[in-house]
Amino acid sequence: MTPLAHTATAASDVLPEGADRASRFLRRAGGTALISSPLLMFAGMMACPPQDSNSTIDYVTSLARDSFLTELSAILLHYGLIVGALGALAVPGLVRGRKGRWPTAFGVLATALGLLNVSGAVRDDWWRMVTGQQLPMDVAVRISDTVDGSAFMPLWSGTEIFAFLGLLALCAGLARAGVVGWWLTAVYLGAFVAMMFIPADLTYVIGSAFAALYLPLGVAGVRVFQRERAAAAAA
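Overview of the structure. Only a predicted model underlies this, so the values are computations on that prediction, with no experimental measurement involved.

## What to know about the environment of tryptophan 182
Then, in step 1: Following the sequence through the fold, tryptophan 182 ends up in the loop between helix 9 (160–176) and helix 10 (183–197).
Then, in step 2: In this structure, the C-alpha to C-alpha distance between tryptophan 182 and proline 92, residues 90 residues apart in sequence, is 17 Å.

Okay, structure coming up:
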C-alpha cells in the first residue's frame, strides 16, 4: 500500500462519516478556489483598460476612459485575490512529513495576508475612475497622489510584498516536500522579474506576467484534487 493510500485509509478509519464528508468538501472547495484564483486574475488583467505609462495621469486616464472595463477588471481581480487567500489555507494539507512544512506554512500565512489586503485596495479603481470622469484631470491626479501619500497608506498598500514573498515561499516549500517540481519556483521568479521590465503600455503582456505570479495557487489546487482522487480510489 502506498503512503498516500495508507494515510487516506487511516483517516477514514478515525473520522466519523459526517466529519469525513465535511473534510472532503472543504478540501475540494479549497482546491476549486486555488484553481479559480489565477483564472480570475488573468481575466481581470486582460480586462484592464490599456494605459500609456506608469504615471498617475495615464493611470487615471485609462480608468476613466471605459467604465465597463474598469469595473469588470476590478471585480474580477477582487474576487481572484479573495478566493486565492481562502484557497491558500488548504495548501498545508498537501505536505506530508517535515520537509517543506515551515516554508509552506509561512508562505500560506503571508500569501493570505497580502492577498486579502490588496483585494480591498482594488476599490481604488472605482474612485480614481470617477474622479477622472467628473473632475479636471489635474485635480483628479492631485487627489490620487495625495491619497497615495497619506501617512498610514504604506501599512495597507505595503503588504503587497507579503503576497509575493509568500507565494515564493509556498513554491519552495511544496517543491521541498516533493508535491511539485522546482520548475514552478523558476516560473514564478521569471514572472516576477518580467514584471519589472515589461513596459506599462504592453498591457496584455504585463497582465499575463502578473497573472502567472498566481500560477502556484492553481498548481496546488490541481494537486489537491489529485490527492482526493487517490484517496477515493484507496477507500
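## Quick notes on a nonpolar patch on the surface
Then, in step 1: Together, Phe106, Leu113, Ile161, Phe162 and Leu165 make up a nonpolar patch on the protein surface, roughly 440 Å² of accessible area in all.
Then, in step 2: Those elements giving two or more residues to the nonpolar patch turn out to be helix 5 (101–121) and helix 9.
Then, in step 3: Within the secondary structure, leucine 165 sits in helix 9.

## Details of the layout of surface pockets
Then, in step 1: In this model, the largest pocket occupies a volume close to 1,200 Å³.
Then, in step 2: In terms of lining residues, the largest pocket is bounded by 37 residues, among which Gln51, Tyr59, Asp125, Glu160 and Phe210 are the most central.

## Digging into the side chain of serine 73
Then, in step 1: Within the secondary structure layout, serine 73 lies in helix 4 (residues 67–88).
Then, in step 2: Given a relative accessible area of 2%, serine 73 falls into the buried group.
Then, in step 3: The residues touching serine 73, leaving out its near neighbours within four places in the chain, are Gly44, Ala47 and Cys48.

## Describing the packing of helix 4 against helix 6 (residues 124–134)
Then, in step 1: As a packed pair, helix 4 and helix 6 sit with axes 10 Å apart at the nearest point and diverge in direction by 165 degrees. Relative to helix 6, helix 4 is oriented roughly antiparallel. The chirality of how helix 4 crosses helix 6 is right-handed. Residues Ser67, Thr70, Glu71, Ala74 and Ile75 of helix 4 form the contact with helix 6, whose participating residues are Asp125, Trp126, Met129 and Gln133.

## What about the pattern of salt bridges?
Then, in step 1: For the structure shown, the criterion picks out 4 salt bridges.
Then, in step 2: Put simply, arginine 28 and glutamate 228 hold a salt bridge, and the shortest N to O gap is 3.5 Å. Here arginine 28 is found in helix 2 (residues 17–46), whereas its partner glutamate 228 is found in helix 12 (residues 215–234), with 200 residues between them in sequence.
Then, in step 3: Notably, a salt bridge pairs arginine 128 with aspartate 124, separated by 3.3 Å at the nearest N-O pair.

## What to know about the nonpolar core
Then, in step 1: Of all hydrophobic cores here, the largest spans 35 residues; its most connected members are Leu174 and Tyr214.
Then, in step 2: Of all elements in the fold, only helix 2, helix 4, helix 5, helix 9, helix 10 and helix 12 reach the threshold of two or more residues within this core.
Then, in step 3: Residue contributions to this core peak at 7 residues, all from helix 9.
Then, in step 4: Discounting residues that sit within four places of it in the chain, leucine 174 has contacts with Val91, Leu94, Val95, Thr104, Val179, Val180 and Ala220.

## Describing the packing of helix 6 against helix 7 (residues 137–148)
Then, in step 1: As a packed pair, helix 6 and helix 7 sit with axes 8 Å apart at the nearest point and diverge in direction by 155 degrees. Judged by the inter-axis angle, helix 6 sits roughly antiparallel to helix 7. The way helix 6 lies across helix 7 gives a crossing that is right-handed. Only Met137, Ala140, Ile143, Ser144, Val147 and Asp148 of helix 7 make contact with helix 6, whose side of the interface consists of Trp127, Arg128, Thr131 and Gly132.

## Section: the environment of alanine 47
Then, in step 1: Within the element layout of this structure, alanine 47 appears in the loop between helix 2 and helix 3 (56–65).
Then, in step 2: For alanine 47 and leucine 72, which are 25 residues apart along the polypeptide, the C-alpha to C-alpha distance reads 6.8 Å.
Then, in step 3: Every residue in contact with alanine 47, bar those within four places of it in the chain, is listed here: Leu69, Leu72 and Ser73.

Conventions we followed
The written sequence of each chain sets the order in which its residues are numbered from 1. Totals for whole chains, interfaces and linings use all residues, but because this is a predicted model, local features are given only for residues with pLDDT of at least 70 and pairs of side-chain atoms are given and counted only at 80 or more. Each side-chain value is worked out from all heavy atoms of the structure, with water and hydrogens disregarded. Numbering of helices and strands runs from the N terminus; a helix is a DSSP stretch of H or I covering at least four residues, while a strand is a stretch of E covering at least two. Put simply, a patch holds well-exposed residues, over 30% relative accessible area, that have no salt bridge, with like charges counted together within 9 Å and Val, Leu, Ile, Met, Phe, Trp or Tyr side chains within 5 Å. Computed by Shrake-Rupley with a 1.4 Å probe, the accessible areas treat only the displayed protein chains as cover when residues are assessed. In what follows, salt bridge is the name for a side-chain nitrogen of Lys or Arg lying within 4 Å of a carboxyl oxygen of Asp or Glu. The definitions used throughout rest on a 1 Å grid laid over the protein atoms alone, on which a cavity is an enclosed set of points accommodating a 1.4 Å probe that cannot get out and a pocket is an open set flanked by protein within 12 Å on both sides along at least five of seven lines; lining residues are those having an atom within 4 Å of a point. Grid points are joined across faces, edges and corners, and a volume is the space filled by probe spheres set on the points. We call a residue buried when its accessible area falls under 20% of the maximum for its residue type, exposed when it is over 50%, and partly exposed in between, using a 1.4 Å probe and counting protein chains only. Contacts were defined at the residue level, with two residues in contact if any of their heavy atoms lie within 4.5 Å. Lines fitted to C-alpha atoms define the axes, with helix axes restricted to the stretch in contact, and inter-axis angles between N-to-C directions lie between 0 and 180 degrees. Orientation categories follow fixed angle ranges, with anything under 35 degrees roughly parallel, anything over 145 roughly antiparallel, 65 to 115 roughly perpendicular, and all other angles oblique. Crossings are classed by handedness, with left-handed meaning an anticlockwise turn of the near helix from the far one by less than a right angle and right-handed meaning a clockwise turn. Throughout, nonpolar core names a set of buried Ala, Val, Leu, Ile, Met, Phe, Trp, Tyr and Cys residues whose side chains join them through atoms within 4.5 Å.

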